[in-house]
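# Structural overview
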Amino acid sequence: MHMLLNTDQSLTQRSEHALKDSFLRQAVQFTTERLREKKEESTNALGDWELWRERGRQIRAHTIQYLDYYLDQFATNVEQAGGQVYFAKDGVEAAKIALEIAKEKRAKKVVKSKSMVTEEVEINTVFEKEGIACVETDLGEYIVQLAKQTPSHIIIPAIHQTREQIAQLFSAEQGKAVSTDTKALTAFARQKLREAFAQAEIGMTGCNFAIAESGSVVLFSNEGNIRMVTTLPKTQIVMMGMERMVPTWEDLEVMANLLPRSATGQKLTAYMSILTGPKRSDEKDGPEELHIIIVDNGRSKQLGDPKFQAILHCIRCGACLNVCPVYRQIGGHAYGSVYPGPIGAVLSPLLNPEDEQVQELADASSLCGACYDACPVQIPLHDMLVYLRERRVKTQGGIEKVAFRGYSAIFRHQATFQWMMKTLRHVQKWSVKDGSRWSSFLSRLPIVQGWVRSRRLPYSTQRSFREQWKMLQKELEEGVDNQ
Amino acid sequence: MNREAFLLHLAKQLGRPEIRNPPKREQIGAPDHWKSFVLPRKSERVDRFCQEARTLGAEVHCFETQQQLQEGLQALLTSLKPQSILRWDHTECPAMIDSVLNRWKSRIVDPIADPSQALHADVGITTVDFAIADTGTLVLCSDEQKSRGVSLFPAHHIAIVDADQIRTRMGEVLAEFRGGKPPSAIHFITGPSRSSDIENDLSIGVHGPAVLHILVKV
Ligand code: SF4
């Protein structure tokens, strides 16, 4: 199924549009700055963050390496706890399974908590075609849904909306004016969504982690909407990417230390729910039925691929977005995909290899490596971006090939390239931090020249990154030719 | 797709036959230094717990005796003047809570008989199963007497904690659930419900309680 949400515009057009929207740019920069600072504070406070990151990577790598075993164990334990498990090879199949459950329950309304995999399979569209209303209950997602838009950040979806715009949306929904005061806006959403929670026949969630040894689903939230979704409706559907597994309860402690800190700089989110099976027969609340849909949708293609398997280690924290100079300039919408930022620039092309337009996303990066440094499970996103570009150059002929001659020329000089990447990463790290320009000595080195000049560009506000990229390519060719 | 075919495909992608026995692991769970971290004294755990919970905006009150705790709960309810109260049926200190709640009997909501009133209750009273000092977290397990909604629907959640229930780290609590069949829902609650979704402006009490009162018997 197609992952792009607005394909009528090219990546260039979308980024140009984003660059013109000054509120969006300010909001994105302010928010990412805030999240980044909070993350830094909370990981510094831990004192041994690197140890935790390394442990996080080890656990994720092990789980993915034996994913078939852990999924099997998980499914068996879910069934033992009274839940049902389904396996879906793609988005179409996943949506079909969910729809069948909803129809069997004669559902009119589904309350949803934030889940990117359901966006991947476009579940809202599928349900709504059948006359089943889907209500997003995360405050940010609710705002975005009322505005008929898509999320612009994976942790703070409505980054791009002003309080005035939100008040307008809520007022239209309410049929009378709602004030722009945060308290009033929140109170409106609380009251409105409470009705939806009580009416909905089905609650639908994603899954942050799934514990194989007990068949439990673990969900993190701050607002409490996920608790509502998993307490009130009679039927619960969990839709999860197949890579969400952790082997044991002990491993969950590591993930619970990594995820909230990386996402929002919190030691722990306000709620962490561990759900095992439906409610027991004598319990007073909780869902009577639990259906868990495990989705592949392009993920298994990465298994066994030494370059890309590690992308399945991702815990969807959004930390790489907050440090990415490109994301910080253009925001989430310009990526036009469910997953924005560095994770999206890698994951979207990988999940949709046959879609040429999506492959473009691998360009939406400066290869600075800040994403790798931020990633709580050490995914080498910048290396993957290079591989993706390489792959694209190989498979595409004509103009693209010429345009990417600069890259391919460099790829042929592996040693130079690796040295350069390493050096640049270090330099960019401090230059991103203090906002200073590139050190002049570096910019005098021959092959680095083109890179250094263009690497400054993501911070310039005059051009879209696509334009900057064209310049980068030209400079690269010159740089290589000069050698 | 059926399960066998799905899993077989994954094994094939990974370039090996399907695995039947648990794979060997070198590293399980948190780094070693963390696993051995325990605050040895109860008073330290209480102090850390209270400090962390307060940082996150919980109202924490400590009491030396059962009698004082009872008076504290009574005073809190008097100040909140709830029109409707939800409570767990079973509590670790039922006599104590009951004796306080006797005065509020007419305000207690039966969630089965009146679900819509339960959804809009003013106050929910629970005990806890565990608490975590490191993060100021309450851990609540569901069962037939301890329903999920009591700590979720009301605007005020009052949680009664015994100092003996406070562990140092989350890992100690998670270890309690290994092996056996875990409860259908375990909720880790850290501070009141919150959101920063509107212009990064923090607002408290979005879908869950806006105020979390923690009464600790030390
Ligand atoms: S790639 Fe790493 S930093 Fe980015 S969302 Fe995934 S886990 Fe977080």
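Report follows, based on the coordinates.

Cut-offs used in this document
- Within each chain, residue numbers correspond to sequence positions counted from 1 in written order.
- Following the order in which they are written, the chains are lettered starting with A and the ligands numbered starting with 1.
- This being a predicted model, a pLDDT of at least 70 is required before a residue's local features are given, and a value of 80 or more before pairs of side-chain atoms are given or counted; all residues contribute to the totals for chains, interfaces and linings.
- Heavy atoms from the whole structure form the basis of all side-chain values; hydrogens and water molecules are not counted.
- Put simply, DSSP H or I for four residues or longer makes a helix, DSSP E for two residues or longer makes a strand, and each gets a number counted from the N terminus.
- Any pair of residues with heavy atoms lying within 4.5 Å of one another is described as a contacting pair.
- All accessible areas in this document rest on Shrake-Rupley with a 1.4 Å probe, and a residue is counted as covered only by the protein chains that are shown.
- Buried surface area refers to the total accessible area, computed with a probe of radius 1.4 Å, that the two partners give up upon joining, counted for both partners together.
- For this document, the term salt bridge refers to a Lys or Arg side-chain nitrogen within 4 Å of an Asp or Glu carboxyl oxygen.
- Nitrogen and oxygen atoms within 3.5 Å of one another constitute a polar contact, given that in protein one can donate a hydrogen and the other can accept it, and given that sequence-neighbouring residues count only through two side-chain atoms.
- For this classification, the nonpolar set comprises Ala, Val, Leu, Ile, Met, Phe, Trp, Tyr, Cys and Pro, the charged set comprises Asp, Glu, Lys and Arg, and every other residue, Gly included, is treated as polar.
- Here, strands pair whenever DSSP counts at least two bridges between them.
- A single heavy atom is enough: if one lies within 4 Å of a molecule or strand, its residue is considered near that molecule or strand.
- Expected helix span is computed as 1.5 Å times (number of residues minus one).
- Whether a residue is buried, partly exposed or exposed follows from its accessible area with a 1.4 Å probe, protein chains only, as a fraction of its type maximum: under 20%, in between, or over 50%, in that order.
- In these notes, a set of buried Ala, Val, Leu, Ile, Met, Phe, Trp, Tyr and Cys residues joined through side-chain atoms within 4.5 Å is what counts as a nonpolar core.

### Some details on the overall build of chain A
Helix and strand content of chain A: 24 helices and 10 strands. Across chain A, contacts joining residues at least 24 apart in sequence account for 74% of those joining residues at least 6 apart. As presented, chain A carries roughly 17200 Å² of accessible surface, and 50% of it is formed by carbon and sulfur atoms.

### Some details on the interface of chain B and chain A
Often, the extent of an interface is quoted as the loss of accessible area on bringing the components together. Contacts between the two partners involve 79 residues from chain B, matched on the other side by 102 residues from chain A. Between chain B and chain A the total buried area reaches about 7700 Å² when both faces are included, carbon and sulfur atoms providing 56% of it. On the chain B side of the contact with chain A, Arg-3, Asp-197 and His-207 of chain B bury the most area, a combined 11% of that side's loss. Here chain B is connected to chain A by 12 salt bridges. Here Arg-163 of chain A and Glu-199 of chain B are joined by a salt bridge, their closest N and O atoms 3.1 Å apart. Taken together, the connections running from chain B to chain A amount to 52 residue pairs in polar contact (both at pLDDT 80 or more). For the side of chain B that touches chain A, the element with the highest residue contribution is helix α1 (residues 3-13) of chain B, accounting for 7 residues. Considered class by class, the residues forming the side of chain B that touches chain A number 32 nonpolar, 27 polar and 20 charged. Where strand β9 (residues 271-276) of chain A meets strand β8 (residues 185-189) of chain B, 5 bridges bridge the pair, whose relative direction is antiparallel. Note on β8 of chain B: the bridge partner recorded for Leu-275 of chain A is Ala-185 of chain B.

### So, the site of the ligand
Taken together, Cys-314, Ile-315, Arg-316, Cys-317, Gly-318, Ala-319, Cys-320, Ile-343, Cys-375, Pro-376, Ile-379 and Leu-381 of chain A make up all the residues around the ligand. In terms of residue class, the shell around the ligand is made up of 10 nonpolar, 1 polar and 1 charged.

### Considering the environment of Met-116 of chain A
All names here are of chain A. Tracing the backbone through its elements, the reader meets Met-116 in helix α6 (residues 116-120). Between the C-alpha atoms of Met-116 and Gly-206, which are 90 residues apart in sequence, the distance is 7.4 Å. Ignoring anything within four residues of it in the chain, the contact list for Met-116 reads Ile-154, Arg-316, Val-338 and Tyr-339.

### Remarks on helix α18 (residues 381-395) of chain A
Between the first and last C-alpha of α18 of chain A there are 21 Å, a value that for 15 residues agrees with the 21 Å anticipated at 1.5 Å per step. Every buried residue belonging to α18 of chain A is among Leu-381, His-382, Met-384, Leu-385, Val-386, Leu-388, Arg-389, Glu-390, Arg-392 and Val-393 of chain A, and all of these are buried.

### Topic: the nonpolar core
Among the nonpolar cores identified, the biggest contains 113 residues, and Phe-74, Ile-274, Ile-294 and Ile-311 of chain A together with Phe-188 of chain B are the most heavily contacted of them. Among the elements that make up this core, the one with the highest residue count is helix α12 (residues 249-264) of chain A (8 residues). When sequence neighbours within four positions are dropped, the list of residues in contact with Ile-311 of chain A reads Gln-302, Ile-343, Val-346, Leu-347, Leu-350, Ile-379, Leu-381 and Met-384 of chain A. Counting 54 residues, the second-largest nonpolar core is a separate cluster that includes Ala-189 of chain A together with Val-60, Val-109 and Ile-166 of chain B.

### Things to note about the pattern of salt bridges
All chains considered together, the criterion is met by 32 salt bridges over all chains. When the shortest N-O distance is used, the salt bridge between Glu-289 of chain A and Lys-105 of chain A registers 2.7 Å. Within this pair, whereas Glu-289 of chain A is found in strand β10 (residues 289-295), its partner Lys-105 of chain A is found in the loop between α5 (91-104) and β2 (109-112), the two being separated by 184 residues in sequence. Lys-105 of chain A sits in the partly exposed class, given a relative accessible area of 24%. A salt bridge links Arg-20 of chain B to Glu-18 of chain B, with the shortest nitrogen-to-oxygen separation between them at 3.6 Å. Since its relative accessible area comes to 28%, Glu-18 of chain B is described here as partly exposed.

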